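Results of the structural survey
Chain by chain, the residues:
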Amino acid sequence: LFSQNPAISITENVLHFKAQGHGAKGDNVYEFHLEFLDLVKPEPVYKLTQRQVNITVQKKVSQWWERLTKQEKRPLFLAPDFDRWLDESDAEMELRAKEEERLNKLRLESQGSPETLTSLKKGYLFMYNFVQFLGFSWIFVNMTVRFFILGKESFYDTFHTSADMMYFCQMLSAVETINAAIGVTKSPLMPCFIQLCGRNFILFIIFGTMEEMQNKAVVFFVFYSWSAVEIFRYPFYMLSCLDMDWKVLTWLRYTLWIPLYPLGCLAEAVSVIQSIPVFNETGRFSFTLPYPVKIKVRFSFFLQIYLIMLFLGLYINFRHLYKQRRRRYGQKKKKVH
């Protein structure tokens, strides 16, 4: 509990705070100094409550900062409030979506066609996510029903019963990467591109070109892990297009990837390992370097390199998704009594 007149000022881009109050050190004078990374307006606004002092400082120029303070090491008393945190690369933050919608509306109104392009964009994204949801749902339900009816026998004909739909969904997923690349969505391009290339390599090269791989049980686990993630991810995007937030679906979208992504990556790695002797035996995609080298380069050599890249891609996507989840469900600051 602070006194009614705390001394709060900004000089030379440094916030100065000093107040008499009762806190962790009892009745004492509490003060701190905070030098900002970039220029701020020198007129801070504060609001005094029974428990704390809320200080609002505005940037002089509206732009993204790498960090809050000029010093690289964060002060011990300074902690982020993840309820208000906004990251430049986080496409799914509600505040960014609302701000983008507001700016688009103002832009369209100035052009004399209010909300037309925004509505078309939302309709296009809704239909894309809806089609993907239907496709992956068909795969997931079909595999689940066949497993309950046939048991383990269903593992060995998964490719022949579900591959056509998986081909369709994975080819269509290229649209998601294109949307990120041209700015239709604000999703970061690299995680989208890594997932697109990784899945399509497994589907079209490892499974699609080798009949010996199509009857293996690992196909079931790869397809099942992929579809289990997407049947919750795409409905989340659909509701986002309608400015709706279903808390259960949002939690599933930000949580199920934690077990499913590593399991899916493990299944993909197993499929690559199992395919190496098959590619060696058939010699497919292997080649001989021209004269005078004349060295035969087996495709299995590239598969071994791909295994390393597979887990590197998992790390990049896992870190990206973890940051998104932490910002939405970050731990709240503990109250000090």
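The rules behind the values
Residues numbered from 1 in each chain as written. Predicted model: local features only at pLDDT ≥ 70, side-chain atom pairs only at ≥ 80, totals over all residues. Heavy atoms only, no water. Helix = DSSP H or I, 4+ residues; strand = E, 2+ residues; numbered from the N terminus. Buried < 20%, exposed > 50% of the residue type's maximum accessible area, 1.4 Å probe, protein only. Areas by Shrake-Rupley, 256 points an atom, 1.4 Å probe, with all protein chains shown as cover. UniProt positions renumbered as here; feature names shortened; annotations may be inferred. Patch = residues over 30% accessible without salt bridge, like charges linked within 9 Å, V, L, I, M, F, W, Y side chains within 5 Å. Salt bridge = Lys/Arg side-chain N within 4 Å of Asp/Glu carboxyl O. Contact = heavy atoms within 4.5 Å.

The protein chain has the name Very-long-chain (3R)-3-hydroxyacyl-CoA dehydratase in an unreviewed UniProt entry, where Ursus americanus is given as its organism.

What follows deals with the overall build of the protein chain. When its secondary structure is counted, the protein chain shows ten helices and seven strands. By the burial criterion, 38% of the 337 residues in the protein chain qualify as buried. Summed over all atoms, the accessible surface of the protein chain reaches about 21000 Å², with 62% contributed by carbon and sulfur.

The UniProt feature table records "transmembrane region" (unreviewed entry) at residues 125–145, 216–236, 256–279 and 299–318. Annotation note: span residues 256–279, helix share 96%, strand share 0%, distance between end C-alpha atoms 34 Å.

On the surface, F287, L289, V293, I295, F301, F302, I305 and M309 cluster together to form a nonpolar patch covering roughly 700 Å² of accessible area. Considering each element in turn, the nonpolar patch owes the most residues, four residues, to helix α10 (residues 299–329). Mapped onto the secondary structure, I305 falls in helix α10.

Below, the discussion takes up helix α8 (residues 247–255). All buried positions along α8 are accounted for by L249, T250, L252, R253, Y254 and T255. Turning to α8, the residues buried within the fold contact α7 (218–241), α9 (257–282) and α10.

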